[in-house]
Amino acid sequence: MKINIVSAGAWTEGSIVLCILALRREWGLFFGVLLLAVLLFCRQKYVGQVYVKELEKITDALDQMFLQKEISIRVEYADTLPAKILAQIHRINAANRGYQSLLQQEKEGIKKLLAEVSHQLRTPLANMESYLDLLDDEIRGVGQREYLEAIKCSEEKIKFLTERFILAARMEHKIIQIHKMPSDLKETVARAVFQVYKKAEKKGIFIEVVDGRTGRCIVRHDANWLSEAVYNLLDNSVKYSPKNTCIKIFLRTNEMFSEICVEDEGIGIEKDEENKIFQLYYRGRNKAGEEGSGMGLFITREIIEKHGGFLKAKRKKPGLSISIFLPKTGTS
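Residues numbered from 1 in each chain as written. Predicted model: local features only at pLDDT ≥ 70, side-chain atom pairs only at ≥ 80, totals over all residues. Heavy atoms only, no water.

A word on the overall build of the protein. The secondary structure content of the protein amounts to seven helices and seven strands. Here the protein holds 332 residues, and the buried ones make up 34% of them. At a minimum sequence separation of 6, the contacts of the protein that also span at least 24 residues come to 68%. On the protein, roughly 21,200 Å² of surface is accessible, and the fraction owed to carbon and sulfur atoms is 58%. (Helix = DSSP H or I, 4+ residues; strand = E, 2+ residues; numbered from the N terminus. Buried < 20%, exposed > 50% of the residue type's maximum accessible area, 1.4 Å probe, protein only. Contact = heavy atoms within 4.5 Å. Areas by Shrake-Rupley, 256 points an atom, 1.4 Å probe, with all protein chains shown as cover.)

What follows deals with the packing of aromatic side chains. All told, the structure shown has three aromatic pairs when counted by the stated rule. Taking 6.3 Å as the distance between ring centres and 80° as the angle between the ring planes, the aromatic pair formed by Phe257 and Phe325 counts as edge-to-face. In this pair, Phe257 sits in strand S5 (residues 257-263) while Phe325 sits in strand S7 (residues 320-327), placing the two residues 68 residues apart along the sequence. With relative accessibility at 22%, the residue Phe257 sits in the partly exposed group. (Phe/Tyr/Trp six-rings, centres within 6.5 Å; stacked < 30°, edge-to-face > 60°.)

Our next topic: the pairing of strand S4 (residues 246-253). In this sheet, S4 lies alongside strand S2 (residues 206-211) in parallel orientation, the contact comprising six bridges. Along S4, the bridge assignment pairs Asp211 with Leu251. With six bridges connecting them, S4 and S5 associate as antiparallel partners. Opposite Arg252, over in S5, you have Glu259 as the bridge partner. (Pairing = 2+ DSSP bridges.)

The five strands lie next to each other as S2-S4-S5-S7-S6, forming an open sheet whose pairing is mixed. Of all strands in the sheet, those with a lone pairing partner are S2 and strand S6 (310-315), marking the two edges. Across this sheet, the average inter-strand angle for adjacent strands is 15°, counted without regard to direction. Sitting on the sheet, helix H5 (residues 185-202) is in contact with S2, S4, S5 and S7, with an inclination near 170° to S2. Where helix H6 (residues 223-239) meets the sheet, its contacts fall on S4, S5 and S7, and the angle it forms with S5 comes to roughly 25°. (Axes fitted to C-alpha atoms, helices over the stretch in contact; angles between N-to-C directions.)

Our next topic: the environment of Asn244. Tracing the chain through its elements places Asn244 in the loop between H6 and S4. Taking relative accessible area as the criterion, Asn244 reaches 67% and is therefore assigned exposed. Asn244 sits 38 residues away from Phe206 along the chain, and the two C-alpha atoms are 7.3 Å apart. If we ignore the near neighbours within four places in the chain, the residues touching Asn244 are Lys203, Gly204 and Ile205.

Let's shift gears to the nonpolar core. Core analysis: the largest hydrophobic core is formed by 44 residues, its most contacted members being Met171, Leu234, Ile249, Ile260, Ile299, Ile322 and Ile324. Elements with a minimum of two residues in this core: helix H4 (142-172), H5, H6, S4, S5, helix H7 (296-306), S6 and S7. For this core, the leading source of residues is H6, giving eight residues. With near-sequence residues (within four places) excluded, Met171 lies in contact with Ile176, Trp225, Phe298, Ile299, Glu302 and Ile303. Within the second largest apolar cluster, six residues are counted, among which are Ile58, Ile71, Leu86 and Ile89. (Core = buried A, V, L, I, M, F, W, Y, C linked by side-chain atoms within 4.5 Å.)

Right, here's the structure in full:
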């Protein structure tokens, strides 16, 4: 929309002309120029009001687009700049909504595919587990039992990797849902310690929880998923730590964050790997020959990010320290 704005200089010049006409008593020209000035002033004010209304429409349309809503403001098919901008906003919003719809369809498709893959894999694994239990009652020979135990071990590993792969895929495609509730972090950490305790006991590894807080720290989080994240850290620490060492879990808090720090005395990581270890399927350069899938820390990172937090890894000599930082919502 083209707007003619009368400058302050033009108004000054007009005033001078009116004064000269008045001194000369040329009243016809005087009133003619005065009328023209009044008309110009009214036109400018009207155009300004129209301009503000058009801008308000454009702003409202942009707000509705950012909120991913249907734009309720109608397009006026006029050959004006605001009308053209509004029409373009409508087209962008329609394209964006179509793109979001396709993304949702793709997400649903992946969700169904993962459910089908999960079902197809779990069924034969469950059958294999049942047959192995039957064989366990029948086989008596020492050599045969060794073979049976080897098959059982392989079956358990396949089952574990299958579950981890499906979980990692769900994480990668943002399918899981986090349900946060006010809970004490120490109780959630205790659940994770309980899950890994037997494995640590077999290697003579002692797990110590050091709580540097005063009182209970209530943080909004999903206890099931967060305990899974802490378990992944502890499982890695047990896996890559030598026998008869110690794993320490520090619980700290400050004004902004609650921290869960897992420190071990294991093989650690190489320099510049602090961020790489959280990538999917990445395994440290010094972990060649060690068991692992490269999915645990990726899953942990996704869980923590869904909680609005972040992870930080720090090399030690020996060992590794990984901290979970969660936004603190209150202490009691």
